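# Tertiary structure, described
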Amino acid sequence: MFALSNGPLLVAIAVWRNSFVFHSVDRVTTTLVHALPPCLTYCVRWYPVETDGTPVAAHRALDAYGSIDWSDILVNSMAAYFLWQLAYIVQTEVVFAKQLEADDELLTSLKWLSRDRTGAMYRLCHWLSVRLRLMAPGDVFHEKSWQTKFTFWGAQLVYTLVTLPLVRLMFNSHAAHTALLLSFLMVTLWNGASFYIEVFSHRYNWQFDETATIAAPDAPDAPDARRRGARELDGMAPPSAPLHQCAGAAPLQDDDSEPPAAATAAATAATADDEDP
């Protein structure tokens, strides 16, 4: 548990760009899934408690609270990993296959990785596939393709093996474990802050876009549908409304449209007065 929690799970915070965006249940849940197991194992490793409830000052040595060997890291951890990977494949390819295919908004890690064409994992897998002549340079990954599935399953295996060597360092060094844990937790705060800055900067610009659009709806620099659709970014802004409903503006009226009834009556009365002798 220590190896998987402080290896693949902890590093996944940076790989998956986890962020503490507190208005988003999905983002907070994903972040906690990756962050809580390392925090728990950190406390168990360095601040153990005797069975009678008496705290024990953890020693900063190899025998602080047991020891860990490469066999424990590789054999036991990889056995648990293969069990998890098998359960994941059965769940996504058999049990919930129809639901996942019917609802495109239900995301799995495979869907997310195959759609994130700017992500490091996607670009690395695409580069290796092109070098190995498994794909043409212009080809893209498709989430329903078995080639894509085996590619990312294999990438997940390599990623797990690459992150496991960090475990021995963190198990043997309290300073290293603390520094790495705090670093990855800071990544979640940085990503969350960056998200809010980006969203609120867009919202600040939207008010000027709306004002310019209402003042000159036919101007060539009026916000287009793409910019208008960006206002619904992650539920931070209400859905777009017709221009005449924005900012309390009155409905726009064309210059060649029929005049109101009151104006027509006044014009008729003025014409009748001019015709009197």
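As the structure is a prediction and not an experimental result, all values here were calculated from the model.

Across its full length, the protein carries eleven helices and zero strands. When the helices and strands of the protein are listed from N to C terminus, the series reads α-α-α-α-α-α-α-α-α-α-α. Counting only residues that meet the buried cut, the protein has 30% of its 277 residues in that class. Residue pairs in contact within the protein that sit at least 24 positions apart in sequence constitute 62% of those at least 6 positions apart. Just so you have it, the protein exposes about 17,900 Å², and 64% of that area is on carbon and sulfur atoms.

Our focus in this paragraph is helix α2 (residues 25–46). With 22 residues, α2 should reach 32 Å at 1.5 Å per residue; the first-to-last C-alpha distance of 31 Å fits that figure. The sharpest bend along α2 comes to roughly 30 degrees, located at Ala 35, with the proline Pro 37 sitting one to four residues further on. All of the buried residues along α2 are Val 28, Thr 31, His 34, Ala 35, Pro 38, Thr 41, Tyr 42, Arg 45 and Trp 46.

Attention now moves to the pattern of salt bridges. Enumeration according to the criterion identifies four salt bridges in this entry. With a closest N to O distance of 3.3 Å, Asp 116 and Arg 17 form a salt bridge. Residue Asp 116 is located in the loop between α5 (109–115) and α6 (120–131), and its partner Arg 17 is located in the loop between α1 (2–15) and α2; the two are separated by 99 residues in the primary sequence. In this structure Asp 116 comes out as buried when scored by relative accessible area, which is 13%. Note that Glu 143 and Arg 115 form a salt bridge whose closest N and O atoms lie 2.7 Å from each other. Residue Glu 143 is located in the loop between α6 and α7 (146–163), and its partner Arg 115 is located in helix α5; the two are separated by 28 residues in the primary sequence.

Ranked by size, the top nonpolar core spans 22 residues in total, and within it Leu 10, Met 121, Cys 125, Phe 141 and Phe 152 carry the most contacts. Contributions of two or more residues to this core are made by α1, α2, α5, α6, α7 and α9 (174–215). Among all residues touching Leu 10, those that are not within four sequence positions of it are Ser 5, His 34, Pro 38, Met 170, Leu 181 and Phe 184. Among the nonpolar cores identified, the runner-up in size contains nine residues, and Phe 2, Ile 68, Ile 73 and Val 167 belong to it.

Confidence in the prediction for the protein averages 76 pLDDT; 68% of positions are at 70 or higher. Taken as a whole, residues 57–64 scores under 50 in pLDDT and shows 14 contacts with residues more than four places along the chain or in a different chain.

With that settled, consider a nonpolar patch on the surface. Judged by side-chain polarity, Leu 86, Val 90, Val 94, Val 95 and Phe 96 come together as a nonpolar surface patch covering roughly 450 Å² of accessible area. Positionally, Leu 86 belongs in helix α3 (residues 70–95). Relative accessible area serves as the criterion here: at 53%, Leu 86 is assigned to the exposed category.

Parameters and conventions
- Residues numbered from 1 in each chain as written.
- Predicted model: local features only at pLDDT ≥ 70, side-chain atom pairs only at ≥ 80, totals over all residues.
- Heavy atoms only, no water.
- Helix = DSSP H or I, 4+ residues; strand = E, 2+ residues; numbered from the N terminus.
- Buried < 20%, exposed > 50% of the residue type's maximum accessible area, 1.4 Å probe, protein only.
- Contact = heavy atoms within 4.5 Å.
- Areas by Shrake-Rupley, 256 points an atom, 1.4 Å probe, with all protein chains shown as cover.
- Expected span 1.5 Å × (residues − 1).
- Bend = angle between axes of the 7 residues up to and from the residue.
- Salt bridge = Lys/Arg side-chain N within 4 Å of Asp/Glu carboxyl O.
- Core = buried A, V, L, I, M, F, W, Y, C linked by side-chain atoms within 4.5 Å.
- pLDDT = per-residue confidence, 0-100.
- Patch = residues over 30% accessible without salt bridge, like charges linked within 9 Å, V, L, I, M, F, W, Y side chains within 5 Å.

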